[in-house]
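# Structural characterization, general
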Amino acid sequence: MQHSTPKEIGSISFGLMEPEEYREMSATKIITADTYDDDGFPIDMGLMDPRLGVIDPGLECKTCGKHSGSCNGHFGHIELAAPVIHVGFTKLIRRLLRGTCRECSRLLLTEDERGEFRDQIDESRKLGRDLNDVTKAAIRQARKKDRCPFCGEIQYDIDHEKPTTYYEVQEVLASEYSQRIAGAMQGDEEEGIERTTPDELAAKTEIDLTRVNEILSGSFRPREEQREAIEKALGIDLTEEDTNKLMPSDIRDWFEAIPDEDIEVLGIDSDRSRPEWMILTVLPVPPVTARPSITLDNGQRSEDDLTHKLVDIIRINQRFMENREAGAPQLIIEDLWELLQYHVTTFMDNEISGTPPARHRSGRPLKTLSQRLKGKEGRFRGSLSGKRVNFSARTVISPDPTLSLNEVGVPDRVASEMTQTMLVTERNVEEARRYVANGPNTHPGANYVRRPDGRRLKVTEKNAEALAGMTDQADEEGVQTVGPGWEVNRHLVDGDIIIFNRQPSLHRMSIMAHEVVVMPYKTFRLNTVVCPPYNADFDGDEMNMHALQNEEARAEARVLMRVQEQILSPRFGENIIGAIQDHISGTYLLTHENPHFNETQALDLLRATRIDELPEQSGTEEDGTPYWTGRAIFSELLPDDLNLTFTGTVGEDVVIEDGQLVEGTIAEDEVGGFGGEIVDTITKVYGNTRARIFINELSTLAMRTIMHFGFSIGIDDETIEPEAREQIDETIDDAYDRVQELIEAYDRGELESLPGRTLDETLEMKIMQTLSRARDNAGTIAEEHFEGDNPAVVMAESGARGSMLNLTQMAGAVGQQAVRGERINRGYEDRTLSHYKPDDLSAEAHGFVENSYTAGLTPREFFFHAMGGREGLVDTAVRTSKSGYLQRRLINALSELEAQYDGTVRDTSDTIVQFEFGEDGTSPVQVSYDEDFDIDVEGIADRVIDSEFEDERERAQFLGDRARPTNLSEHADDRLGDETGVTSDD
Amino acid sequence: MVDVSQHELVPEHSVLDKAAIEDVLDEYDIDRTDLPKIKRTDPALPDDAEVGDVIKIVRDSRTTDQAIVYRMVVD
């Protein structure tokens with residue numbers, strides 16, 4: 001297959017097309033609405049004329065001689081019987097009609113005004129602003145003119161009836177003018193307007209009395225100036241609007257006369273676009289390749305929507321011509337003209353408001369030109385920016401804690417479908433043949449091979465052995481053997497790099513590169529620590545995999561996109577990957593009370609890590625057996641020279657000295673995702689690879705630990721003793737009393753309002769405060785009665801899952817339910833439910849739930865709780881759709897910005913957006929800085945220099961401590977040569 | 001009336017002279033119209049700024065101490 005060389009696009013220009021250009025590029029004129037004759041051959045000069053291109057394989061194009069597939073098709077044209085308006089330009093046509101003279105077609109602006117707008121357009125162009133603002137202003141200015149500044153003609157208003165009808169609105173003398181004058185002369189006593197006699201009127205208007213009488217009798221139509229005089233004298237309006245329809249041919253004549261220099265003031269390039277071209281006289285007919293007909297199973301041909309529409313246009317066009325030649329009445333002609341306009345309009349856009357859409361026989365609206373391009377599934381968003389790809393797979397994901405975070409488990413059936421191209425050389429020919437020998441169905445096999453001559457062969461069970469050179473069949477059946485110069489499309493194997501993605505792809509960590517581990521069964525397997533960046537869980541989530549097809553892509557993915565390169569998030573500059581959920585509970589159990597483990601236990605905890613020798617024992621039990629503490633075991637995972645001190649999750653200090661955890665509990669803030677201090681530090685100081693090893697080992701150690709201790713939760717873990725229950729009831733009763741007091745004070749009018757609040761608001765606030773304090777108190781009481789080893793407490797304390805509040809609601813009291821941040825106030829008139837008296841302000845009548853989840857809610861409480869819960873659901877639904885759209889718009893607005901090599905951020909027109917990327921030209925991932933920790937520049941410099949120079953001398957030389965040699969004489973050059981870098985050339 | 005240009009949170013805005021403008025445009029290899037824009041009516045502008053002038057804004061920055069930005073005055 002030959003490929004044409006890619007060409008660079010020199011320029012693109014947008015403009016209008018001249019009718020002559022349509023004719024020139026046309027392969028044929030189309031005159032018949034029929035497509036095929038009885039024998040199934042396309043009719044000449046019909047809509048399927050063979051000169052318009054070929055769609056049936058085997059046929060030759062009559063215009064270019066190419067076959068289907070290589071012939072792009074050719075346009076034809078229809079000569080329209082009468083001009084019609086192009087729907088895409090109705091607004092511009094309206095503007096031009098309003099802005100130019102009806103008589104001489106000149107733009108209704110004086111020379112000065114033109115100059116001004118010309119300058120404004122130049123300015124806008126330079127600043128990259130919207131030219132429409134200027135041209136709109138110009139038209140607005142031109143519309144103000146009553147008369148043409150060039151020929152003096154009176155200008156009328158233009159009315160636009162959507163989509164394609166234009167009227168000229170003229171003011172003419174009303175037909176019942178005499179009655180109006182007479183009526184006004186009667187006067188109106190109620191409004192205090194006096195009667196006017198004809199004499200008075202004559203005097204006021206300076207018209208002859210006889211004329212006035214004639215006018216009053218209706219036998220004389222007043223002239224323009226007389227009419228105005230009468231109107232002024234009587235304060236009435238004698239005119240009525242008369243609309244005069246502008247036919248497309250009129251508009252075309254009008255536009256033809258607009259001088260070139262006039263439209264340039266409106267920002268139109270007259271060389272490229274003449275306004276009269278917006279009125280179509282020739283309609284281009286898209287090539288058949290753009291509207292292919294399909295042959296149905298029963299042998300019938302089904303035409304494309306566009307063809308249907310073109311048939312309509314040609315039919316009406318012909319009827320129009322026949323009628324006009326036969327001398328049909330004007331009314332019929334106008335009707336046909338309108339019909340032609342409708343068909344041409346819907347041919348281009350079938351979703352115009354005010355026009356009924358053209359329909360298919362079945363009643364389905366036709367999909368015409370604009371519908372092909374518009375919207376999410378249109379050509380732009382659907383076909384050009386979003387394409388379907390090969391070498392991709394999608395299936396359900398499930399967890400596998402034995403994998404490294406860099407890896408992904410790929411089902412064998414996916415691995416044997418996706419391939420990687422192997423270029424066969426002398427060095428890998430054996431390996432390549434091994435793949436081919438396995439055939440397409442056994443896992444590390446091959447699906448296709450490509451011979452050096454470019455022929456692609458499918459590897460089958462039959463030819464696999466021959467291709468691999470394992471039989472003599474090769475010579476017999478002409479099957480060649482894979483050798484150097486061939487290409488083998490082999491199955492994915494362990495260690496291949498692929499791209500893995502979960503939608504919605506909201507940030508760059510939604511697409512990361514993983515290394516393949518081929519596995520049985522049907523799901524993709526991933527390590528649970530990569531769930532946060534993908535925002536994945538395993539309740540049925542599916543993910544996509546893409547196999548990379550060239551070495552460059554594979555290298556780029558490995559270096560830039562691998563999961564370990566994404567441990568630090570550019571969003572906040574800290575690690576996004578780290579221990580989650582049970583890992584955190586596990587490390588908490590391991591380090592919190594620093595438990596003791598005997599040798600077997602300690603080895604078991606560390607068995608999935610690199611550590612195969614235990615450190616020195618932490619001590620001996622009373623019976624003499626050695627033990628290791630949890631912290632000592634955890635410390636085995638840390639880099640040997642790590643030093644770190646900070647306040648941890650539990651509120652105690654965490655102290656790490658020389659890679660030994662001396663003190664502190666390891667939990668969320670230490671090793672969790674989203675900024676776990678130890679993971680973050682290791683990533684930044686020791687690099688991504690060390691961090692990957694640490695996270696992998698940490699998660700396996702944590703899993704072993706949690707399995708060692710056992711971790712489960714049951715209903716008993718959330719129930720408290722009766723004494724505590726009583727205490728809680730007491731606090732809640734207490735709160736009820738206080739609320740009652742508040743209400744009574746309010747009723748007596750003794751409650752004082754808070755600044756800026758009404759009395760009602762004050763009361764609400766105080767009640768809310770009282771009740772939330774009651775819930776908190778209940779929570780504290782419940783908390784006091786929980787043991788430290790309660791699993792729910794462990795999870796809440798360590799930050800693994802859940803919070804103390806959740807626990808409070810389970811064991812203490814659920815508390816106040818809220819809708820829109822207030823107590824529940826909706827429902828019936830003056831009350832929430834008919835169980836309460838009107839205007840009952842008490843806690844229970846407004847959604848206070850005094851029971852806990854374990855105790856169970858009363859029906860009324862349950863109802864209020866459902867109200868609050870519903871709000872939460874609605875909120876999330878609304879938020880996701882809103883933020884999704886917001887993100888789309890943001891991405892579209894920012895997508896063309898690019899950081900340049902000079903450090904600036906510019907858009908595609910080279911306009912500067914930032915002079916230095918992010919003001920400081922740094923990446924949040926490469927820099928570590930926050931309010932508490934300043935950048936330790938000296939420390940970093942020392943570390944870099946220490947690692948760079950092994951001996952003191954080099955180091956001193958680099959730092960410039962050594963005195964420079966004094967060059968006294970040129971004869972000394974020879975001896976300095978090796979140090980100065982200058983060698984003598986003689 | 002409050003003069004916002006004197007507020008501590010409003011960075012220093014100053015009008016660049018011809019030579020300095022040339023230097024800036026040369027440094028970034030751009031036309032004047034490729035600079036970010038600022039409205040003539042912006043209250044932070046010095047009084048003598050006119051349409052077409054280039055304003056130098058020196059901001060305090062958390063990471064770089066000072067960040068310098070240039071803007072062209074438009075109406």
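Presented here is an overview of the structure given in this document.

Rules behind the numbers
- Residues numbered from 1 in each chain as written.
- Chains lettered and ligands numbered in written order.
- Predicted model: local features only at pLDDT ≥ 70, side-chain atom pairs only at ≥ 80, totals over all residues.
- Contact = placed C-beta atoms within 7 Å.
- Helix = DSSP H or I, 4+ residues; strand = E, 2+ residues; numbered from the N terminus.
- Buried ≥ 20, exposed ≤ 12 C-beta atoms within 10 Å, placed from the backbone.
- Core = buried A, V, L, I, M, F, W, Y, C linked by C-beta atoms within 7 Å.
- Axes fitted to C-alpha atoms, helices over the stretch in contact; angles between N-to-C directions.
- Parallel < 35°, antiparallel > 145°, perpendicular 65-115°, else oblique.
- Nonpolar A, V, L, I, M, F, W, Y, C, P; charged D, E, K, R; others polar.
- Pairing = 2+ DSSP bridges.

### Focus on the interface of chain B and chain A
- Each partner contributes residues to the interface: chain B has 14 residues there, and chain A has 14 residues.
- Of the residues forming the side of chain B that touches chain A, the biggest block, five residues, is contributed by strand E4 (residues 65–74) of chain B.

### Concerning helix H25 (residues 677–686) of chain A
- All buried positions along H25(A) are accounted for by A:Glu677, A:Ile678, A:Val679, A:Asp680, A:Ile682 and A:Thr683.
- Of the surrounding secondary structure, the elements contacted by the buried residues of H25(A) are strand E21 (644–647), helix H24 (668–671) and helix H26 (688–709) of chain A.

### Description of the environment of A:Leu92
Residue and element names in this part refer to chain A.
- Structurally, the position occupied by Leu92 is in helix H2 (residues 90–99).
- For Leu92, a count of 18 C-beta atoms within 10 Å puts it in the partly exposed group.
- Along the chain, Leu92 and Met278 lie 186 residues apart, while their C-alpha atoms are 8.9 Å from each other.

### Here's the deal with the nonpolar core
- In terms of nonpolar packing, the biggest core is built from 95 residues, with A:Val410, A:Ile498, A:Val516, A:Val530, A:Ile633, A:Ile695 and A:Leu698 touching the most fellow members.
- If near-sequence neighbours (up to four positions away) are discounted, A:Val530 is found in contact with A:Leu405, A:Val563 and A:Ile577.

### So, the packing of H25(A) against H26(A)
Residue and element names in this part refer to chain A.
- For the pair H25 and H26, the least separation of the axes is 7 Å and the interaxial angle reads 150 degrees. Our classification of the angle between H25 and H26 gives roughly antiparallel. Across the interface between the two elements, Val679, Ile682, Thr683 and Tyr686 from H25 touch Asn688, Arg690, Ala691, Phe694 and Ile695 from H26.
- Within the contact of H25 with H26, the residues separate by chemical class into six nonpolar, two polar and one charged.

### Re the pairing of E4(B)
Residues and elements named next belong to chain B.
- Pairing analysis gives three bridges linking strand E2 (residues 37–39) to E4, with the strands arranged parallel. Across the sheet, Ile38 pairs through a bridge with Val73, a residue of E4.
- For strand E3 (residues 54–61) and E4, the ladder comprises eight bridges, and the chain directions are antiparallel. By the bridge assignment for E4, Val58 is matched with Ile68.
- The loop that links E3 with its antiparallel partner E4 comprises three residues.

### So, the sheet that holds strand E2 (residues 157–161) of chain A
Residue and element names in this part refer to chain A.
- Read from one edge of the open sheet, three strands run E2-E3-E4, paired in antiparallel fashion. Sheet topology places E2 and strand E4 (239–246) at the edges, where each strand pairs with a single neighbour. Neighbour-to-neighbour, the strand axes of the sheet open up by a mean angle of 35 degrees, direction not taken into account.

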